[in-house]
Amino acid sequence: MNLYLSLLRTAVPALVGWLVALAARYGLDLDPAALAGVVVPVASFAYYAVFRLAEVYLSPGWGWLLGYARPPLYPGGKAVLPSS
């Protein structure tokens, strides 16, 4: 379940960033390379940051805008590497 949640909470901001860049393409006269290389990652990061901070400091319900209402829970402790 944690893998699914982490993928979902990564994909939703990426999709929003792409949609913002797509909308910006029609509203602004930007080079397509600038859209792909700058607008998409910046919009994705900003979307994730805003709603992750809202989730932590305002209410866990804001997490729904990231795809799921709670972040994945990872087990504590040190990872053990297999010996060869």
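Check the entry above for the structure.
K.L.:
An account of helix α2 (residues 32–57) is needed here, citing residue identities and associated values.
P.N.:
Structural remark: α-helix, 3.6 residues per turn; residues separated by three or four positions point the same way. Between the first and last C-alpha of α2 there are 36 Å, a value that for 26 residues agrees with the 38 Å anticipated at 1.5 Å per step. Taking the largest bend as the criterion, α2 deviates by roughly 35 degrees, centred on V39, and proline P41 comes between one and four positions later. Residues of α2 that are buried: L35, V39, A43, S44, Y47, F51, A54 and E55. Those residues of α2 that are buried are in contact with α1 (2–27).

K.L.:
How would you explain the side chain of E55 if you had to name every residue and give the values?
P.N.:
By the secondary structure assignment, E55 is in helix α2. With a relative accessible area of 6%, E55 lands in the buried category. Engagement of the side chain of E55 in a polar contact is seen with the side chain of R52, the distance being 2.9 Å. Among all residues touching E55, those that are not within four sequence positions of it are R9, P60, W62, G63, L66, Y68, A69, R70 and P71.

K.L.:
Can you explain the packing of aromatic side chains? Please cite residues and give values.
P.N.:
Counted under the stated rule, the structure contains three aromatic pairs. Here the aromatic rings of F51 and W62 are separated by 5.9 Å at their centres, their planes lie at 25 degrees, and the arrangement is stacked. Pair noted here: F51 is in helix α2 and W62 is in the segment after α2, with a separation of eleven residues, a long-range link. Its relative accessible area of 16% is what places F51 among the buried residues.

Procedures and definitions
Residues numbered from 1 in each chain as written. Predicted model: local features only at pLDDT ≥ 70, side-chain atom pairs only at ≥ 80, totals over all residues. Heavy atoms only, no water. Helix = DSSP H or I, 4+ residues; strand = E, 2+ residues; numbered from the N terminus. Expected span 1.5 Å × (residues − 1). Bend = angle between axes of the 7 residues up to and from the residue. Buried < 20%, exposed > 50% of the residue type's maximum accessible area, 1.4 Å probe, protein only. Contact = heavy atoms within 4.5 Å. Polar contact = N/O pair within 3.5 Å; in protein donor to acceptor, adjacent residues only side chain to side chain. Phe/Tyr/Trp six-rings, centres within 6.5 Å; stacked < 30°, edge-to-face > 60°.

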